[in-house]
Amino acid sequence: MHHDPADLLRRNGVQVTAQRLAVLAAVSRRPHLTADDVATDVRAEIGVISRQAVYDALAILADRGLIRRIQPAGSPARFEDRTGDNHHHMICRQCGRMVDVDCAVGNAPCLTPSDDAGYEIDEAEVIYWGRCPECRGRAQVKKATGKETEPDPPA
Ligand SMILES: [Zn+2]
Ligand SMILES: [Zn+2]
Ligand SMILES: [Zn+2]
């Protein structure tokens, strides 16, 4: 699946700009980035871009379904280009690392509510919270040595 990104934007009615292409490329390179991560990446790539321009580009790309926005409770939104397959996410409470979890059922909504209250339901978004292997490892080291180690910044 190799799409020409400029063509992808055009076909989805998004005006092609260098900034939007750079934002899409950053999200494709590394999934689950925050808007600030994207801004840092894009600046390294094309030079100056305002925070607002990054937010605007993310908003229009998400709006057209080219990227997916994940909004975990109590933390900044993350963006990825894996769209339309209703996969879910696992987040480390300690370091914030987020990974994909394939949908157990495969199509949305994958959870049936006990009472749909008359709603027509098209999606169930599941976020699993826990501790990643690295943070679990550090906790074990701490237990064994009594030493505290600093968690890595969120990936
Ligand atoms: Zn962790
Ligand atoms: Zn994902
Ligand atoms: Zn699912």
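The rules behind the values
- Counting from 1, residues in each chain are numbered in the order their sequence is written.
- Here chains are named by letter from A upward and ligands by number from 1 upward, in the order in which they appear as written.
- At least 70 in pLDDT is required for a residue's local features to be given in this predicted model, at least 80 for side-chain atom pairs to be given and counted, and no such filter applies to totals for whole chains, interfaces and linings, which use all residues.
- Derived side-chain values reflect all non-hydrogen atoms in the structure, with water molecules and hydrogen atoms excluded from consideration.
- Helix numbering and strand numbering both begin at the N terminus, where a helix is a DSSP run of H or I of at least 4 residues and a strand a DSSP run of E of at least 2.
- The classification of residues rests on relative accessible area computed with a 1.4 Å probe and restricted to protein chains. Under 20% of the type maximum is buried, over 50% is exposed, and intermediate values are partly exposed.
- We call two residues in contact when some of their heavy atoms are within 4.5 Å.
- Patch building starts from residues that exceed 30% relative accessible area and form no salt bridge, then joins like charges within 9 Å and nonpolar side chains (Val, Leu, Ile, Met, Phe, Trp, Tyr) within 5 Å.
- To measure how exposed things are, a 1.4 Å probe is used in the Shrake-Rupley method; for residues, cover is taken only from the protein chains shown.
- Here, a salt bridge means any Lys or Arg side-chain nitrogen found within 4 Å of an Asp or Glu carboxyl oxygen.
- A pair of strands is labelled paired if DSSP reports no fewer than 2 bridges between them.
- Interaxial angle, 0 to 180 degrees, is taken between N-to-C directions of lines fitted to C-alpha atoms, where a helix line uses only the stretch in contact.
- Any N, O or S atom lying within 2.8 Å of the metal counts as a donor, with the limit raised to 3.2 Å for Na, K and Ca; because water is left out of the atom set, some sites can appear incomplete.
- Any site counts as irregular unless it has four donors with all angles between 85 and 135 degrees, making it tetrahedral, or four or six donors with opposite ones more than 155 degrees apart and the rest between 65 and 115, making it square planar or octahedral.

So, about the environment of tyrosine 55. Along the chain, the position of tyrosine 55 falls in helix H4 (residues 51-63). Overall, the relative accessible area of 33% leaves tyrosine 55 in the partly exposed class. Considering only alpha carbons, one finds tyrosine 55 and glycine 84, 29 residues apart in sequence, at a separation of 21 Å. Once residues within four sequence positions are removed from consideration, tyrosine 55 is found in contact with Ala35 and Asp36.

Judged by side-chain polarity, Met90, Val99 and Tyr128 come together as a nonpolar surface patch covering roughly 260 Å² of accessible area. Within the secondary structure, valine 99 is located in strand S5 (residues 98-101). Residue classification places valine 99 among the partly exposed positions, given a relative accessible area of 37%.

It is worth spelling out the sheet that holds strand S4 (residues 88-92) at this point. Here 3 strands make up an open sheet; going across it, the order is S5-S4-S6 and the pairing mixed. Where the open sheet ends on each side, the last strands, each with one partner, are S5 and strand S6 (127-130). Averaged over all adjacent pairs, the angle separating strand axes in this sheet is 25 degrees, with direction ignored. Sheet topology note: the S4/S6 ladder contains 4 bridges and is parallel. Bridging across to S6, isoleucine 91 finds its partner in tryptophan 129.

A few words now on the side chain of aspartate 41. In this structure, aspartate 41 sits in helix H3 (residues 35-46). Take aspartate 41: its relative accessible area is 15%, and that puts it in the buried class. Ignoring sequence-local partners within four residues, the contact set of aspartate 41 consists of Ala26, Arg29, Arg30 and Leu33.

The next thing to look at is the coordination of the zinc ion (ligand 1). The protein atoms donating to the zinc ion (ligand 1) are Cys92 (SG), Cys95 (SG), Cys132 (SG) and Cys135 (SG), with metal-donor distances spanning 2.3 Å. Between the 4 donor atoms coordinating the zinc ion (ligand 1), the angles at the centre fall across 106 to 114 degrees, so the site counts as tetrahedral. For the zinc ion (ligand 1), the donor residues sit on a single chain with the sequence spacing C-x2-C-x36-C-x2-C. Linking cysteine 92 in strand S4 with cysteine 132 in the loop between S6 and helix H5 (133-145), this pair joins segments that are 40 residues apart in sequence. Both residues of the pair, cysteine 92 and cysteine 132, belong to the buried class.

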